[in-house]
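Listed here are the chains, written in short residue letters.
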Amino acid sequence: EEEEEEEVHDLPPIKPSRKFIAAKENMSREALKASRERADAREQAQRSNEVDEDKDDKELADFSAMSVDGSIDRFLSMMKEKQQHKLKSACDVLNCRFSEGDCDAMLAGSEWHTSDRPVGNPLTGIKGDASLMPYNKEGSFAFIRGPRPHSRLQTLPFTLAEDAFFIFAYHKIDPQSSFRVYAKQTGKDKETLLFDAPVLQKNSSRRWFREGRVLPAGAYDYIVFEVHSLSANNYIGLDEILILNVDRQLMCT
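Here the residue numbers are simple positions, counted from 1 along each chain's written sequence. Per-residue local features of the predicted model are confined to residues with pLDDT of at least 70, and side-chain atom pairs are confined, for both listing and counting, to 80 or more; whole-chain, interface and lining totals are unaffected and use all residues. Water and hydrogen atoms were dropped before computing side-chain values, which therefore reflect all heavy atoms in the structure.

Within an unreviewed UniProt entry, the label attached to the chain reads MAM domain-containing protein, and the organism entered is Pristionchus entomophagus.

Spelled out as structure tokens, the structure:
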């Protein structure tokens with residue numbers, strides 16, 4: 001009987017350990033030791049990278065699991081809470097008198113401008129700021145000039161630690177235009193109308209008016225000042241934005 005041929009499998013080549021250092025002829029002990037230390041350092045670095053990759057994989061798996069069992073909503077809620085802690089306080093955002101460098105972040109990229117002197121003509125322009133009523137020729141204020149079909153001047157997001165009284169002054173002569181103020185609280189779908197300027201006779205409206213509305217404590221995406229249908233050569237002004245506490249005392253120093 002013919003003997004069965006024994007199966008022969010090719011074995012993978014034996015790889016030397018990373019710590020194996022081939023000693024060269026005449027290599028000193030010090031050189032051999034240094035070479036081994038470098039090999040140990042490379043191996044330690046590789047192990048560290050493997051641990052980091054395992055950590056990243058675990059975080060990705062955890063995040064994927066969240067999206068399956070619905071806990072992604074809890075994750076997003078947690079991230080939103082962290083973001084709210086980074087919001088500016090209301091004193092940083094709602095404290096604008098439009099002097100030099102004041103409220104630049106709100107005005108940037110908008111159609112609104114600032115002035116420290118009267119703008120426009122005596123009939124439809126603005127004679128000064130709102131630091132003194134009916135106006136003060138010396139101060140600064142923000143304004144927008146018509147024609148302007150639509151414009152929104154929006155504050156930065158902010159957080160309000162307690163209920164407050166939101167104060168602002170406005171100047172509006174044009175009876176064809178509208179000027180409204182809205183607040184958008186974080187987490188709510190719609191804006192809340194705070195103020196809608198009444199239509200006044202021209203002879204009685206060539207001055208600043210001061211208004212105030214209660215703002216509940218909480219986080220806000222913005223407060224926005226909205227203008228519609230502003231006629232040519234007409235102006236709407238905004239000034240003296242600040243907040244008071246419920247006792248009508250200044251909240252910000």
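**Topic: empty space enclosed by the protein**
With a 1 Å grid spanning the protein atoms alone, the term cavity applies to any set of points in which a 1.4 Å probe fits but cannot get out, the term pocket to an open set with protein on both sides within 12 Å along at least five of seven lines, and the term lining residue to any residue with an atom within 4 Å of a point. Grid points are joined across faces, edges and corners, and a volume is the space filled by probe spheres set on the points. Counting across every chain of the model gives one cavity of 30 Å³ or more. Computed from the structure, the largest cavity encloses a volume of approximately 40 Å³. Along the walls of the largest cavity sit Tyr170, Lys172, Ile173, Asp174, Pro175, Pro198, Val199 and Leu200, which together make up its complete lining.

**Things to note about the nonpolar core**
Only buried residues count toward a nonpolar core, which is a set of Ala, Val, Leu, Ile, Met, Phe, Trp, Tyr and Cys residues joined through side-chain atoms within 4.5 Å. Think of it in three bands: with a 1.4 Å probe and only protein chains considered, a residue is buried below 20% of the maximum accessible area for its type, exposed above 50%, and partly exposed in between. Counting residues in hydrophobic clusters, the biggest one holds 36 residues, and the most contacted among them are Phe166 and Phe179. By residue number, the principal contributor to this core is strand S10 (residues 218-230), which donates five residues. Between two residues, a contact is recorded if the distance between any of their heavy atoms is within 4.5 Å. Those residues within four positions of Phe166 in sequence are excluded, and the remaining contacts are Leu94, Val181, Leu194, Glu211, Gly212, Arg213, Leu215, Ile223, Phe225, Ile241, Leu242 and Ile243. With eight residues, the next largest nonpolar core counts Val119, Ile126, Trp208 and Tyr235 among its residues. For the purposes of this entry, the term helix denotes a DSSP run of H or I that reaches at least four residues, the term strand denotes a run of E that reaches at least two, and both are numbered from the N terminus.

**Focus on the packing of aromatic side chains**
Classification of ring pairs uses Phe, Tyr and Trp, with its six-membered ring standing for Trp, and accepts pairs whose centres are within 6.5 Å; under 30 degrees between planes counts as stacked, over 60 as edge-to-face, and the remaining range as tilted. Per the stated rule, a full pass over the model turns up 13 aromatic pairs. Ring centres of Phe141 and Trp208 lie 5.9 Å apart, and the angle between their planes is 70 degrees; this geometry places the pair in the edge-to-face category. Placement of Phe141 in strand S3 (residues 141-145) and of Trp208 in the loop between strand S8 (192-196) and strand S9 (209-215) is noted, with a sequence separation of 67 residues between them. For the pair Phe141 and Trp208, one class covers both residues: buried.

**Points about the pattern of salt bridges**
When a carboxyl oxygen of Asp or Glu lies within 4 Å of a side-chain nitrogen of Lys or Arg, that pair is called a salt bridge. Applying the stated criterion to the full structure yields seven salt bridges. In this structure, Arg152 and Glu191 form a salt bridge, with 2.5 Å as the shortest nitrogen-oxygen distance. Of this pair, Arg152 sits in strand S4 (residues 148-154) while Glu191 is found in the loop between strand S7 (178-185) and S8, placing the two residues 39 residues apart along the sequence. Of the residues examined, Glu191 reaches a relative accessible area of 28% and is grouped as partly exposed. Notably, a salt bridge pairs Lys184 with Asp221, separated by 2.9 Å at the nearest N-O pair. In this pair, Lys184 sits in strand S7 while Asp221 sits in strand S10, placing the two residues 37 residues apart along the sequence. Relative accessible area serves as the criterion here: at 11%, Lys184 is assigned to the buried category. Members of the salt-bridge network, linked through shared partners, are Arg152, Glu191 and Glu226.

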